[in-house]
Amino acid sequence: MSGRGRLALGAFAATLMAAGALLPLVDPATWIIQAALLLAVQSGSGALVRRWSSARALTVAVQALVSLVAMTVVFARDQAVAGFLPGPDAVQQFGVLLTAGAEDVGQYAIPAPATDGIRLMLVGGVLLVGLAVDALAVTFRSAAPAGLPLLALYSVAAGLSGGGASWLWFLLAASGYLLLLLAEGRDRLSQWGRVFGGAAPSRGGRGAAGPAVSRGGPLAPVRTGRRIGVVALGIALAVPAALPSLGGGLLDGTGSGGGGGGTIDAVNPLVSLQNNLNQPEDREVLRYRTNTEETSALYLRMTTLDVFDGTSWRSPKRPVGDIPEQFPQPDGLSGNVSTTEVTTNISAAGSYEQKYLPLPYPATRVEIGGRWRYEPVGRLLVGDEGQTTKGTRYSVSSLIVKPTRQQLANAPLAPAELRREYTKVPGELPADVKSTALRVTKGAANDYERAVKLQDWFAVDGGFRYDTEVSSGTGVTAVSRFLRDKEGFCIHFSFSMAAMARTLGIPARVAVGFTPGAPQSDDTMAVGIRDAHAWPELYFEGVGWTRFEPTPTRGSVPEYTRPETPTGQPSTPAQPEASATTAPSAQPSAQESCPPRERRLGACGDSEEFGIVAPTDSGPPLGTILLVAAGVVAVVLIPLLPLLWRVRVRARRLGAAGRGAEDAAARTLAAWEEIIDTAWDHGIPPDESQTPRKTAVRIILLGKLEGPPAEAVHRAAGAVEQVLYAPRPRPAVGTAEDAALIREGLAAGVGRAGRLRALLAPRSTVRVVWALSDRWTAVTTRWADRRDRLVTRLSSTLRRPSRQRG
């Protein structure tokens, strides 16, 4: 197989192996087969063009055109001209699919369903990266920069997975890149055998003669390259294991693990809810103080999911405005329902960054600084222009709504517009969802009784099991599967109850936020990341949106859904379930003379602002920040090492040549070595069997030099011959200027791609590998000699005969 053929296969394999990191993001993963077939077509078209034409631009253009036609056939055949040519209708279809795919990415939990939009983004992205890799590595024969698009492909997968991409996917992607580099190295070695091959090298004449392969084995640089690749992969896998984890979820600004955490900016708060519930260590994200003892009902809501489209529950796009001084009356709440207004002062941890503000529902007034906007339908506050909850302190006035069972049972029909929006279910919803709802609520006389029966069936009577390890699907198939398997966590319980309520004609939506948290000894409440929760809200005219709790062992069941206490027996106040938050901290109690209501709100002379103690988690520790900074610096500098090495070597050589040092011969030879390496960087490999004069002619011809650069090469070669052959060499002047002039001439003759290759990935940096190989050989030889001497000495000592007495 030709060298270009090996490179094309290497580029195909490297792209496909890097794309493997995207497999866990979508279920099913059959899209990868489609991507592999289209990528093979793209690579094959490039190989055919290169066989009959050497025009690089033509090769890339044909590959791009073939890829576009193939994508049209797969994704827009009905809109294409003649079934395969991309016309205006096909382009419009691509736009529709890309828009839908972008929305799907923001809405679906991982693994997301393989919708047409997501498949287009995945396959199209793989083809785009494959085109860039093939163009760089095969068409322009520069495999090293091809690692950038491969890195971008892997980084997208790691970013979408919340930083939780498996090390196996990294190993696969890195191995693909290493194979591509080895393919290029083998191709170059076949052309530069005189440079790389040879007998045991010496400092003065490496590779001047001798076969390119020694003892039937691979070339020494190839073996060294393989070793370096394996060591680099090992370091890349081992170093992150020693660094702190920076992952996190969209509800979790603290990341995973027990160390300091990172921060997030959420789009869909459900995407990483499961990860937050499975954190190995609970992290406090909120601390609040309130003037009510009824904290079991004080859920902190961030957003609501009002739309169920068959694949997920999501928030609709709604307009936002300025925060009103007083929020309007809650929808559907009449004056006949008992309410209690409470005040809650909340402080967010410095490491918890979220664009939705956690609020008790329904809030009536919020005092907060910063760039926050009000969404009136959901009664939400959303950060604007990068505003987040990080370290935020705010005060909320809200209502505790206390409807009676009779009020809920006698609730009139909801307004028609509200019923249309909040009872809508997708046509593909499995029939067993509605049939199960009808069976569970059989015998109920009204919507309130149906809602209570649904809640009790999920929480108590239905045999469901709370399990955060279950796959967190969100579509209609996930609801049906959950009803069959009867195991899941709050997402499954809230989604399923809301969907079943809608099939019964009860307006329903899903709320996302936190349960009330755990009480502390200083009369505050602490909310941890494991208190993240989702619950259904059902609408009853006259009461408004009403919370239900179908998830067993989580939160608290509302008082209005519990059976009435028989007359004559004492009632037992509802006790909130113990939160997953850490145990109460030991803090001094408030003043004994302070009234209980004011003491709970922190109005008894506490020195802390808002009367609360901010969460102690102020962000990642300094050590973590320094380690992360060091890692970032390393990631940035490692690709630049060849460039930095060449700049340093050039400065040393030409700096010595520019000074009036005593050793004129050394100055001249250093400048000549720099000229040879500069030519090598621009694609002219050195041939040390040639004389300086013939080498100069070779550089001029291959580098297409003329005028002053060509004259500079002849002057430098003449100066070297003076040093090597003249009895009394004439001192050379201007060698540094000649070297710079030659470098400019060579750069002008190779084009932009060649100049970038010479700058970022200079070929002469292989001398570093040679130097390391020489040092390693010297070290191993020295230790082998010492070992042999030691073994010889020990052997002679053991063989020495004992003296015989005379």
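Another aspect to go through is the overall build of the protein chain. The helix and strand inventory of the protein chain stands at 25 helices and 19 strands. Scored against the burial criterion, the 806 residues of the protein chain give a buried share of 46%. In the protein chain, the proportion of contacts linking residues at least 24 apart, taken out of those at least 6 apart, comes to 71%. With the model as given, the accessible surface of the protein chain reaches about 39,500 Å², and the carbon-plus-sulfur share is 58%.

Moving on, we come to the confidence of the model for the protein chain. Residue-level pLDDT values for the protein chain average 78, and 75% of them are 70 or greater. Put simply, helix α8 (residues 193-196) is where the protein chain has its lowest mean pLDDT, 41, and strand β19 (residues 544-547) is where it has its highest, 95. Between residues 606-610, whose pLDDT stays under 50, and residues either more than four places distant or in other chains, the model counts ten contacts.

Another point: helix α21 (residues 692-703). In this model, α21 (twelve residues) spans 16 Å end to end at C-alpha, consistent with the 16 Å of a helix rising 1.5 Å per residue. Of all the residues in α21, the buried ones are Pro692, Thr695, Ala696, Ile699, Ile700 and Gly703. Across the axial projection of α21, the buried residues extend over an arc of 135°, all falling on one side. Facing away from the buried surface of α21 by more than 90 degrees, the exposed residues are Arg693, Lys694 and Leu701. Those residues of α21 hidden inside the fold are in contact with α20 (664-681), α22 (708-725) and α23 (735-748). Positive backbone phi, at 55°, marks Lys704, one or two positions downstream of α21.

Mapped onto the elements of the fold, Ala732 is located in the loop between α22 and α23. Judged by relative accessible area, Ala732 falls into the partly exposed class, the value being 29%. Between the alpha carbons of Ala732 and Ala719 there is a distance of 6.1 Å; along the sequence they are 13 residues apart. Once residues lying within four places of it in the same chain are set aside, the contact partners of Ala732 are Thr668 and Ala719.

Counting across every chain of the model gives 30 salt bridges. Residues Arg318 and Asp306 are paired through a salt bridge, measuring 2.9 Å at the closest nitrogen-oxygen approach. Pair noted here: Arg318 is in the loop between β6 (313-314) and β7 (338-348) and Asp306 is in the loop between β4 (300-305) and β5 (307-308), with a separation of twelve residues, a long-range link. Judged by its relative accessible area of 24%, Arg318 falls in the partly exposed class. On the basis of relative accessible area, Asp306 is assigned to the buried category, the value being 2%.

On to the sheet that holds strand β15 (residues 508-514). Spatial strand order, β8-β4-β15-β18-β19: five strands in an open sheet with antiparallel pairing. Single-partner strands in this sheet number two, and they are β8 (359-360) and β19. Alignment of β4 against β8, held across two bridges, turns out to be antiparallel. By the bridge assignment, Arg301 is partnered in β8 with Leu359. Against the sheet, helix α16 (residues 490-503) makes contact with β4, β15 and β18 (532-540), and its axis sits at roughly 15° relative to β18, the strand it touches most.

The element β4 is largely enclosed, with a buried count of six among its six residues. Taken together, the five bridges between β4 and β15 define a ladder with antiparallel strand orientation. Opposite Leu300, over in β15, you have Phe514 as the bridge partner.

Interaxial distance between α20 and α21 falls to 11 Å at its minimum, and their mutual angle equals 35°. The interaxial crossing formed by α20 with α21 has left-handed handedness. Between α20, through Trp672, Ile675 and Ala679, and α21, the contact on the second element is made entirely by Pro692, Thr695, Ala696 and Ile699. A per-class count over the contact of α20 with α21 returns six nonpolar, one polar and no charged.

The next subject is the packing of α21 against α22. Where α21 meets α22, the closest approach of the two axes is 8 Å, and the angle between their N-to-C directions is 165°. Between α21 and α22, the angle falls in the class roughly antiparallel. As for the relative orientation of α21 and α22, their crossing is right-handed in sense. Here Pro692, Arg693, Ala696, Val697 and Ile700 of α21 lie close against α22, whose contacting residues are Ala710, Val713, His714, Ala717, Val720, Glu721, Leu724 and Tyr725. Of the residues in the contact of α21 with α22, the class split is ten nonpolar, one polar and two charged.

As a further point, take the nonpolar core. In this structure, Trp313, Phe458, Leu483, Met500, Leu538 and Phe540 are the most contacted members of the largest nonpolar core, which totals 44 residues. Mapped by element, the contributors of at least two residues to this core are α11 (405-409), α13 (431-440), α14 (447-461), α15 (476-485), α16, β15 and β18. Top element by residues in this core is α16. It accounts for nine residues.

Attention shifts here to a positive patch on the surface. A surface patch of like charges, here positive, comprises Arg782, Arg786, Arg789 and Arg793. Classification of Arg793 by relative accessible area gives exposed; the value is 58%.

Quick look at helix α5 (residues 116-139) now. Taking 1.5 Å per residue, 24 residues should reach 34 Å; α5 reaches 32 Å between its end C-alpha atoms and fits that length. Here α5 lies mainly inside the structure; 17 of its 24 residues are buried. Downstream of α5 by a residue or two, Arg141 has a phi angle that is positive, lying close to 55°.

What counts, and where the lines are drawn
Residues numbered from 1 in each chain as written. Predicted model: local features only at pLDDT ≥ 70, side-chain atom pairs only at ≥ 80, totals over all residues. Heavy atoms only, no water. Helix = DSSP H or I, 4+ residues; strand = E, 2+ residues; numbered from the N terminus. Buried < 20%, exposed > 50% of the residue type's maximum accessible area, 1.4 Å probe, protein only. Contact = heavy atoms within 4.5 Å. Areas by Shrake-Rupley, 256 points an atom, 1.4 Å probe, with all protein chains shown as cover. pLDDT = per-residue confidence, 0-100. Expected span 1.5 Å × (residues − 1). Arc of directions from axis to C-beta. Salt bridge = Lys/Arg side-chain N within 4 Å of Asp/Glu carboxyl O. Pairing = 2+ DSSP bridges. Axes fitted to C-alpha atoms, helices over the stretch in contact; angles between N-to-C directions. Left-handed = near helix turned anticlockwise from the far one by under 90°. Nonpolar A, V, L, I, M, F, W, Y, C, P; charged D, E, K, R; others polar. Parallel < 35°, antiparallel > 145°, perpendicular 65-115°, else oblique. Core = buried A, V, L, I, M, F, W, Y, C linked by side-chain atoms within 4.5 Å. Patch = residues over 30% accessible without salt bridge, like charges linked within 9 Å, V, L, I, M, F, W, Y side chains within 5 Å. Lys, Arg positive; Asp, Glu negative; His and termini not counted. Charge placed at Lys NZ, Arg CZ, Asp CG, Glu CD.

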